[in-house]
Structure formats: structure tokens, C-alpha cells
Amino acid sequence: MSIQVYPSRRHALAYGSYSDSTSQSLTASTVTYVKFNTVEAQQFVSVQNDGSGFPTKVVVGTSGIFSFTISPQLLHGGAGSAVVDFWAVVNGTNVPRSASRIRLPNNTETLPFFEIIIPMTVGDAFQWAFYSTSSTVSIFATAASSPVPDAPSVIAGVKQIE
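Residues numbered from 1 in each chain as written. Predicted model: local features only at pLDDT ≥ 70, side-chain atom pairs only at ≥ 80, totals over all residues. Heavy atoms only, no water.

Asker: Hey, could you run me through the nonpolar core in this one?
Answerer: As a rule of thumb, soluble globular proteins bury nonpolar side chains together. Among the nonpolar cores identified, the biggest contains 32 residues, and Val 34, Phe 68, Phe 126 and Trp 128 are the most heavily contacted of them. Going through the elements one at a time, strand S6 (55–60), strand S7 (64–72), strand S9 (82–90), strand S11 (100–104), strand S13 (114–120), strand S14 (125–131), strand S15 (137–139) and strand S16 (154–160) are the ones with two or more residues in this core. Among the elements that make up this core, the one with the highest residue count is S9 (five residues). Apart from residues lying up to four places away in sequence, Phe 68 is in contact with Val 58, Val 60, Phe 114, Glu 115, Ile 116, Ile 118, Met 120, Phe 126, Trp 128, Gly 157 and Val 158. (Core = buried A, V, L, I, M, F, W, Y, C linked by side-chain atoms within 4.5 Å. Buried < 20%, exposed > 50% of the residue type's maximum accessible area, 1.4 Å probe, protein only. Helix = DSSP H or I, 4+ residues; strand = E, 2+ residues; numbered from the N terminus. Contact = heavy atoms within 4.5 Å.)

Next comes the structure, spelled out in C-alpha cells:
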């Protein structure tokens, strides 16, 4: 039996963990970017404001291959069904083949998880976009209720994998 030995890394990898403590409303038929008002941990990445002054951009400080993940708490508070789309945006351009679609029945809460792995260059800005034709869809936060801690509206991560 042989053991595979991997060389040690010469540099630290970038990572970030972000959340948002507020509920995020969606304007029907309008692209909305997911906001992050809390930095849980980060190294060589940062959250920056977009052109509207909202903290939606995850900017990388090193080049490499990155994994971006997101888990939004979705709420459809209306009758009938609603379709919600999520996709990746890099430097203001939609990433091809990055969209995921969820159909929510009436008065539904769900917690999806999305991941995309893409190459990034120093200074590139990554955003998660979401869209629905329904005005009754939101990403919602919930307050703590003993013994359960508060639940942010969204938890997102980024890690450099190469």
C-alpha cells in the first residue's frame, strides 16, 4: 500500500463567510442582488457596496478557482405558486449556465442551497442575483426563540480551492 503525499501550499487560501440579519424584499420583475450585512470570517476577500450603496459584492484579493455558495431562507407569502431564479454575476455580467430555478407553492418557506465554482482574478466582484415575477417572494430572517438562535435571511460562503 502506498501513501500519496501532497506538497504543502506556499500561500494561504482566500475564504469568506457572510450573512444578513434583515429580511430582503423582492420587487416583482426586478433583478435584486443579495445583501450581506455581517462578516462572519474572511481572508483575502471582502464585501463591498454596489452602485446603489448596498453590500452585495464579494471582491476577491487573489486569483484562483473559487467556490461560491449561498443558502437563502425563501418565503412565498401569497396564493398560487411563484418561481424564483438565482444566478451568479461577475463584474456586472451574468455568468452563463449559472441560473437555478425554484417553484414555490402558496405560503411556502424553503431553504435551498446553491454552489458555483468559477475562476476569478484579483479585484473581480461576485454577486448573487435573484428574480421573480411575484411580489410575494422574499428572503426572510427570523429572531431567536429559545433555545434556537436567530436565523439570518441568507448565509453565503466563498473559498478558494486552487
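Here the narrative resumes.
Asker: When you look at the pairing of S13 in this model, what are you seeing that I'm missing?
Answerer: Across the two faces of S13 the burial differs, with Phe 114, Ile 116, Ile 118 and Met 120 buried and Glu 115, Ile 117 and Pro 119 not buried at all. Where S7 lies against S13, seven bridges are found, and the strand directions are antiparallel. Bridging across to S13, Thr 69 finds its partner in Glu 115. (Pairing = 2+ DSSP bridges.)

Asker: Teacher, can you tell me more about the side chain of Asp 20 here?
Answerer: Locating Asp 20 in the fold gives a position in strand S1 (residues 15–20). Lacking a salt bridge, the buried Asp 20 has Lys 35 as its closest oppositely charged neighbour, with an N-O distance of 6.9 Å. One polar contact links Asp 20 to Thr 22, side chain to side chain, over a distance of 2.4 Å. Every residue in contact with Asp 20, bar those within four places of it in the chain, is listed here: Lys 35, Phe 36, Asn 37, Pro 152, Ser 153 and Val 154. (Lys, Arg positive; Asp, Glu negative; His and termini not counted. Salt bridge = Lys/Arg side-chain N within 4 Å of Asp/Glu carboxyl O. Polar contact = N/O pair within 3.5 Å; in protein donor to acceptor, adjacent residues only side chain to side chain.)

Asker: I tried to follow the sheet that holds S16 on my own but got confused; where do I start?
Answerer: Each strand in a sheet pairs with its neighbour through backbone hydrogen bonds, running either in the same direction (parallel) or in the opposite one (antiparallel). Sheet architecture is open: five strands sit in the order S4-S1-S16-S7-S13, paired in antiparallel fashion. This sheet does not close on itself; its edge strands, each paired only once, are strand S4 (38–43) and S13. Averaged over all neighbouring strand pairs, the angle between strand axes comes to 10 degrees, with direction disregarded. Strand direction decides the pairing type here: S1 and S4, joined by five bridges, are antiparallel. Note that in S4 the partner of Ser 17 across the bridge is Ala 41. (Axes fitted to C-alpha atoms, helices over the stretch in contact; angles between N-to-C directions.)

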